[in-house]
Amino acid sequence: MEEKSKVLIIGATGRLGYHLATFSLQYGHPTFILIRDSSPTDPNRAKKLDFLSTAGAIPLKGSLEDEESLMEAVKQVDVVICAIPTKQALDQKLLIKKFIPSEFGVDPDKIQISDLDHQFYSRKAEIRRLVEAEGVPYTYICCNLLMSYLLPWLAQPGLKTPPRDKVTIFGDGNTKAVFVKDIDVAACTINAIDDPRTLNKTLFLRPPGNVYSMNELVAIWENKIDSKLEKMYVPEEELLKKIKETQYPDNMEMIFIYSAFVKGDHTYFDIKSSGVDGTQLYPHLKYTTVSEHLDTLL
């Protein structure tokens, strides 16, 4: 039996990082997790750490800010998967055997809103250029949007639940966005670790049941609640004006909406010319569909 790569997860007690560590263990990888504190004060993180440790994960004391402990942890593994907030992206300057950086979103090299995003994507692109310049083997995972963001409120700024009376549709409502559940992203990522087809490639996720325009999302939701919503269309120019009038970071939600549903940053390009399609590489994986997720919001 082929030996599995040793994996270090950075951010293992976070939402996505926890799923990454869990699947790494399930798939038989010797799994290490970088932790700041062996006894975190946050009860949720403490519970996750206890579960992972019991399941066989090996905690290593350290952090991205502590170079000595970080490099000592890196020496023990073959692959590092980083699942940290984007604001910490530039802390990922690691020299390792294979690197899956903390992206898990829209491809920063395909984004068309670089003048609006307050360096949200440029930080990720900078890490890519550093990794490539050093010749570090890598796989970039681009899942576009996690289902926990925008979808639960149908991309309605200011709301946290789906509307039941009226809805705002940005642009013409026909541009498609992609939403993938975090646990499904984690499963695909772990499958990619030892797959030579993903080496030095960008892996994209566009499961068929997860790619919808705003018009389509609204129609699905209307069908589920058995009611028609009053629709108000906001043209691109008006949305841009609102984004520029709203201070950062309060305008970031609208920026992501503009990127996904107006500019089409998730779907305007062909995957084959840009990387590999994760849904085709791993057809055995099942993805929670948008419709299934909306069922949980009824």
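For the structure itself, consult the block above.
These figures come from a predicted structure and were not determined experimentally.

Colleague: Talk me through the side chain of Asp107; I want residue IDs and the actual numbers.
Modeller: You can see Asp107 is positioned in the loop between strand E5 (99-100) and helix H4 (120-134). A polar atom in the side chain of Asp107 sits 2.8 Å from the backbone nitrogen of Asp109. Ignoring any residue separated from it by four or fewer positions in sequence, one finds Asp107 in contact with Arg128, Cys142, Thr202 and Phe204.

Colleague: So what about helix H7 (residues 236-245)? Which residues, and what values?
Modeller: Residues Leu239, Leu240 and Ile243 constitute the buried set of H7. Along the axis of H7, the buried positions cluster into a sector of 100 degrees, meaning they face one direction only. Exposed positions of H7 whose direction lies more than 90 degrees from the buried face are Glu237, Lys241 and Glu245.

Colleague: Requested: an account of helix H5 (residues 182-192), with residues and values cited.
Modeller: Taken across its 11 residues, H5 has 10 buried, putting it largely inside the fold. For H5, every residue scored as buried is listed here: Asp182, Asp184, Val185, Ala186, Ala187, Cys188, Thr189, Ile190, Asn191 and Ala192.

Colleague: Any details on the pairing of strand E6 (residues 139-142)? Residues and values, ideally.
Modeller: Here E6 shows two buried faces, one formed by Thr139 and Ile141 and the other by Tyr140 and Cys142. One ladder, built from 4 bridges, connects E6 with strand E10 (residues 201-204); its direction is parallel. Bridge assignment links Tyr140 to a residue of E10, and that residue is Thr202.

Colleague: Which residues make up the side chain of Ser63, and what values do they have?
Modeller: The residue Ser63 is located in the loop between strand E3 (58-61) and helix H3 (67-74) in this model. With residues up to four places along the chain from it excluded, the contact list for Ser63 reads Leu34, Arg36, Ser69 and Leu70.

Colleague: Quick rundown of the sheet that holds strand E1 (residues 7-10)? Include the residues and the values.
Modeller: Within the open sheet, the 5 strands sit side by side as E3-E2-E1-E4-E5. Their pairing is parallel. Only two strands of the sheet have a single partner each, and these edge strands are E3 and E5. Strand direction decides the pairing type here: strand E2 (residues 31-35) and E3, joined by 4 bridges, are parallel. Paired with Leu34 across the strands is Leu60, a residue of E3.

Colleague: Quick rundown of the packing of H7 against helix H8 (residues 252-263)? Include the residues and the values.
Modeller: Taken N-terminus to C-terminus, the directions of H7 and H8 make an angle of 160 degrees; their axes are 10 Å apart at the nearest point. The angle between H7 and H8 falls in the class roughly antiparallel. In the packing of H7 onto H8, the handedness of the crossing is left-handed. Across the interface between the two elements, Glu236, Leu239, Leu240, Lys242 and Ile243 from H7 touch Met254, Ile255, Tyr258, Val262 and Lys263 from H8. Split by residue class, the contact of H7 with H8 holds 7 nonpolar, no polar and 3 charged.

Colleague: Residues and numbers for the nonpolar core, please.
Modeller: Residues Leu150, Phe179, Leu239, Tyr258 and Phe261 are the most contacted members of the largest nonpolar core, which totals 39 residues. Taken together, the elements giving at least two residues each to this core come down to strand E8 (166-170), strand E9 (176-180), helix H6 (214-225), H7, H8 and helix H10 (290-295). If you tally residues by element for this core, the top one is H8, at 9 residues. Not counting the four nearest positions on each side in its chain, Leu150 is found in contact with Leu145, Ala155, Phe179, Glu253, Phe256 and Ile257. Grouped together as the second largest cluster of nonpolar side chains are 38 residues, Leu49, Ala83, Ile100 and Leu285 included.

Colleague: So what's going on with a negative patch on the surface? Which residues, and what values?
Modeller: Negative charge collects at one region of the surface, where Asp66, Glu67, Glu68 and Glu72 lie side by side. Following the sequence through the fold, Glu72 ends up in helix H3. Accessibility expressed as a relative area gives 44% for Glu72, which makes it partly exposed.

Colleague: Mind laying out the sheet that holds E9, listing which residues take part and the relevant values?
Modeller: One open sheet accounts for 3 strands, arranged E7-E9-E11; its pairing is mixed. Sheet topology places strand E7 (145-146) and strand E11 (211-213) at the edges, where each strand pairs with a single neighbour. Pairing between E9 and E11: 3 bridges, direction antiparallel. Its bridge partner lying in E11, Lys176 is registered against Ser213. Of the strands in this sheet, E9 and E11 are in contact with H6, which crosses E11 at around 95 degrees.

The rules we used
Residues numbered from 1 in each chain as written. Predicted model: local features only at pLDDT ≥ 70, side-chain atom pairs only at ≥ 80, totals over all residues. Heavy atoms only, no water. Helix = DSSP H or I, 4+ residues; strand = E, 2+ residues; numbered from the N terminus. Polar contact = N/O pair within 3.5 Å; in protein donor to acceptor, adjacent residues only side chain to side chain. Contact = heavy atoms within 4.5 Å. Buried < 20%, exposed > 50% of the residue type's maximum accessible area, 1.4 Å probe, protein only. Arc of directions from axis to C-beta. Pairing = 2+ DSSP bridges. Axes fitted to C-alpha atoms, helices over the stretch in contact; angles between N-to-C directions. Parallel < 35°, antiparallel > 145°, perpendicular 65-115°, else oblique. Left-handed = near helix turned anticlockwise from the far one by under 90°. Nonpolar A, V, L, I, M, F, W, Y, C, P; charged D, E, K, R; others polar. Core = buried A, V, L, I, M, F, W, Y, C linked by side-chain atoms within 4.5 Å. Patch = residues over 30% accessible without salt bridge, like charges linked within 9 Å, V, L, I, M, F, W, Y side chains within 5 Å. Areas by Shrake-Rupley, 256 points an atom, 1.4 Å probe, with all protein chains shown as cover. Salt bridge = Lys/Arg side-chain N within 4 Å of Asp/Glu carboxyl O. Lys, Arg positive; Asp, Glu negative; His and termini not counted. Charge placed at Lys NZ, Arg CZ, Asp CG, Glu CD.

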